[in-house]
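Remarks on the overall topology
What follows is each chain in one-letter form.
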Amino acid sequence: MIQWKSNHTGFTEQIVSGSNLISTVKSIGSNHAVRLQNSVEACPLGLSQENLMLEDSQAVSSWIKVDVNCGDDLLVSRTLQVKGSKVNGFDLDPPKVLVVDDHAASRMTAVALLGMEGYDVIEADRGSTVVGLVTQKQPDLILLDVMMPGMDGFEVCQLLKHDEQTRLIPVIFITALNDRRSRIRGIEVGADDFLTKPFDRVELAARVKSLVRQKRLNEDLDHAEQVLFSIAMSIESRDPNTGDHCERLLKLGQVFGEYLNLSRYQIRDLRWGGYLHDIGKVGIPDAVLLKKGQLTSQDWEIMKQHVLIGEKICQPLRSMRGVIPIIRHHHERWDGSGYPDGLKGDDIPYLAQVFQLIDIYDALTSERPYKKAFTFADALGVMQEEVDSGWRNPKLMQQFAEFILSYEGKGIG
């Protein structure tokens, strides 16, 4: 049993933790009482008296506001947890939920229900405070009322979804509005889900849990991708000859992909390929990777392994499925004389063929210690010689040459 004393005189709360059944008894003088029934699991809870009896809204406010900040508009509630237990199916780090609603009774109900589910709950009573609060508290999910004075929920959601730092935080609109226009507006500003007041406790818990889990999976994926990009950048920094090779490939992949009318996902894969195509060089010994002068045949066999190493590094991430063909096959040749698989013609994945041209063009037009930068015309000439030798796709090379000629005056090449 955990005993907690409020700053309010005469207010003592005892909480017995076990499953999802919480029994609380509160005494606030002689005139007020708030009771939560033991059997709440299967009952819908909104503002009805069936499950949550509110004899005085001030009494509820005193119960919910366990931790009160100095600001008038910010209330933070923490649910007491038993050390070593799991919270709502999550590990020991309880998810944070921000509840934003200018209507105190609705906000208190949501806070009470989420508290019973084991979440850390943060409260705000106006939209204008949300952006700063999200930056400070980093919630895992936001329950957002639509109709609020000043900045409404639509405006708040739009601001959050347009910010790179907060766009992955799920937003559930809680509103009394149930018309089609409001839902369409919510979708347009990026809302992830909707709940209508008065809401059902079981439905609220299920939707919040699902979106929090999805958000954490997205974060894990985002972190894994960032690790890969960091490794790729560290590899580039080891080679003083390449300069900003990856950044240039990213830019060129974007504009050439648009020129070819590739899909958004294909362009993304081209951009990522700019960073990750040589990530496998992390497994190549420095004696080979940084060797000055000609590589021996044995050195070349070791160097060729970088495409296979890179594939293995990126393969566990599903988001890298479109990039892996670029990593593995960007050294194949149209006539089958490339590596690692000796693929011929259109057996070479299309994005790998596109990336080859971007990679070769950048290498030719960039200054290196052993050569000066070629002009765009000279670079295209060298690449055409490779087409004549059977190394490159003739049709794709023609498209690339037309692209370079049309964009040369715009700072590319």
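Refer to the structure presented above.
Criteria and cut-off values
- Residues numbered from 1 in each chain as written.
- Predicted model: local features only at pLDDT ≥ 70, side-chain atom pairs only at ≥ 80, totals over all residues.
- Heavy atoms only, no water.
- Helix = DSSP H or I, 4+ residues; strand = E, 2+ residues; numbered from the N terminus.
- Areas by Shrake-Rupley, 256 points an atom, 1.4 Å probe, with all protein chains shown as cover.
- Salt bridge = Lys/Arg side-chain N within 4 Å of Asp/Glu carboxyl O.
- Buried < 20%, exposed > 50% of the residue type's maximum accessible area, 1.4 Å probe, protein only.
- Right-handed = clockwise from strand over helix to strand, strands pointing away.
- Pairing = 2+ DSSP bridges.
- Axes fitted to C-alpha atoms, helices over the stretch in contact; angles between N-to-C directions.
- Parallel < 35°, antiparallel > 145°, perpendicular 65-115°, else oblique.
- Left-handed = near helix turned anticlockwise from the far one by under 90°.
- Contact = heavy atoms within 4.5 Å.
- Nonpolar A, V, L, I, M, F, W, Y, C, P; charged D, E, K, R; others polar.
- Phe/Tyr/Trp six-rings, centres within 6.5 Å; stacked < 30°, edge-to-face > 60°.
- Lys NZ or Arg CZ within 6 Å of the ring centre and 35° of its normal.

1. Points about the overall build of the protein
- Along the backbone of the protein there are 15 helices and 11 strands.
- Only carbon and sulfur atoms are counted for the fraction: they give 51% of the accessible area of the protein, which is about 21,300 Å².

2. Considerations on the pattern of salt bridges
- Summed over all chains, the structure comprises 15 salt bridges.
- Where Asp192 meets Lys161, a salt bridge forms, and the shortest distance between an N and an O atom there is 2.9 Å. Within this pair, whereas Asp192 is found in the loop between helix H5 (180–188) and strand E11 (193–196), its partner Lys161 is found in helix H4 (residues 153–161), the two being separated by 31 residues in sequence.
- For Lys161, a relative accessible area of 16% translates into the label buried.

3. Focus: the pairing of strand E10 (residues 171–175)
- Burial runs high along E10: 5 of the 5 residues are buried.
- Residues Val171, Phe173 and Thr175 line one face of E10 and the alternating positions Ile172 and Ile174 line the opposite face, and both faces are buried.
- Of the crossover connections in this fold, the one passing from strand E9 (residues 141–145) over H4 to the parallel E10 is right-handed.
- Both E10 and E11 contribute to a ladder of 4 bridges, which runs parallel. Looking at E11, one finds that Thr175 is bridged to Thr196.

4. Regarding unusual backbone geometry
- In this structure, Pro340 follows Tyr339 across a cis peptide bond, with omega equal to 10 degrees.
- Locating Pro340 in the fold gives a position in the loop between helix H12 (324–329) and helix H13 (350–365).
- Despite not being glycine, Gln138 has its phi angle at roughly 50 degrees, a positive value.
- Assignment of secondary structure puts Gln138 in the loop between helix H3 (130–137) and E9.
- Classification of Gln138 by relative accessible area gives partly exposed; the value is 45%.
- With phi around 60 degrees, Asn261 is a residue other than glycine that occupies positive phi space.

5. Digging into the packing of helix H7 (residues 245–259) against helix H8 (residues 264–276)
- Running from N to C, H7 and H8 cross one another at 160 degrees; their axes reach a closest spacing of 7 Å. The pairing of H7 with H8 is recorded here as roughly antiparallel in orientation. Crossing geometry of H7 relative to H8 is assigned as right-handed. Only Ile267, Leu270, Arg271, Gly274 and Tyr275 of H8 make contact with H7, whose side of the interface consists of Cys246, Glu247, Leu249, Leu250, Gly253, Gln254, Gly257 and Glu258.
- Its residues placed into classes, the contact of H7 with H8 shows 6 nonpolar, 4 polar and 3 charged.

6. Considering the pairing of E9
- Of all 5 residues making up E9, 5 are buried, and the element is well covered by its neighbours.
- With burial as the criterion, each face of E9 is covered, one bearing Leu141, Leu143 and Asp145 and the other bearing Ile142 and Leu144.
- Sheet topology note: the strand E7 (residues 96–100)/E9 ladder contains 4 bridges and is parallel. Following the sheet pairing, Val100 is matched in E9 by Leu144.
- Relative to E10, E9 runs parallel, the two being bridged by 4 bridges. Within the sheet, the bridge partner assigned to Leu144 lies in E10 and is Phe173.

7. Observations concerning the packing of aromatic side chains
- A full pass over the atoms with the stated rule returns 10 aromatic pairs.
- Between Tyr259 and Tyr407, the aromatic rings sit 6.4 Å apart at their centres with planes inclined by 80 degrees, giving edge-to-face as the arrangement. Note that Tyr259 is positioned in helix H7 and Tyr407 in helix H15 (residues 394–407), a separation of 148 residues in sequence.
- A residue is classified by how much of its surface remains accessible, and Tyr407, at 24% relative accessible area, is partly exposed.
- In this arrangement the basic side chain of Arg268 is found over the ring face of Trp272, its NZ or CZ atom lying 4.6 Å from the centre.

8. Section: the environment of Leu141
- Looking at the secondary structure, you find Leu141 in strand E9.
- Distance from Leu141 to Val208, taken between C-alpha atoms, is 7.4 Å for residues 67 residues apart in sequence.
- Excluding residues that lie within four positions of it along the chain, Leu141 makes contacts with Lys96, Val97, Leu98, Ile169, Pro170, Ile172, Val208, Leu211 and Val212.

9. Points about the packing of H13 against helix H14 (residues 376–388)
- Packing of H13 against H14 brings their axes to within 9 Å, and their N-to-C directions diverge by 130 degrees. When the interaxial angle is binned, H13 and H14 end up oblique. For the pair H13 and H14, the crossing hand works out as right-handed. Where H13 approaches H14, its residues Leu357, Ile360, Tyr361, Leu364 and Thr365 are matched on the opposing element by Phe376, Ala379, Leu380, Val382, Met383 and Glu386.
- By residue class, the composition of the contact of H13 with H14 is 9 nonpolar, 1 polar and 1 charged.

As far as function goes, none of this settles anything; it's purely spatial.
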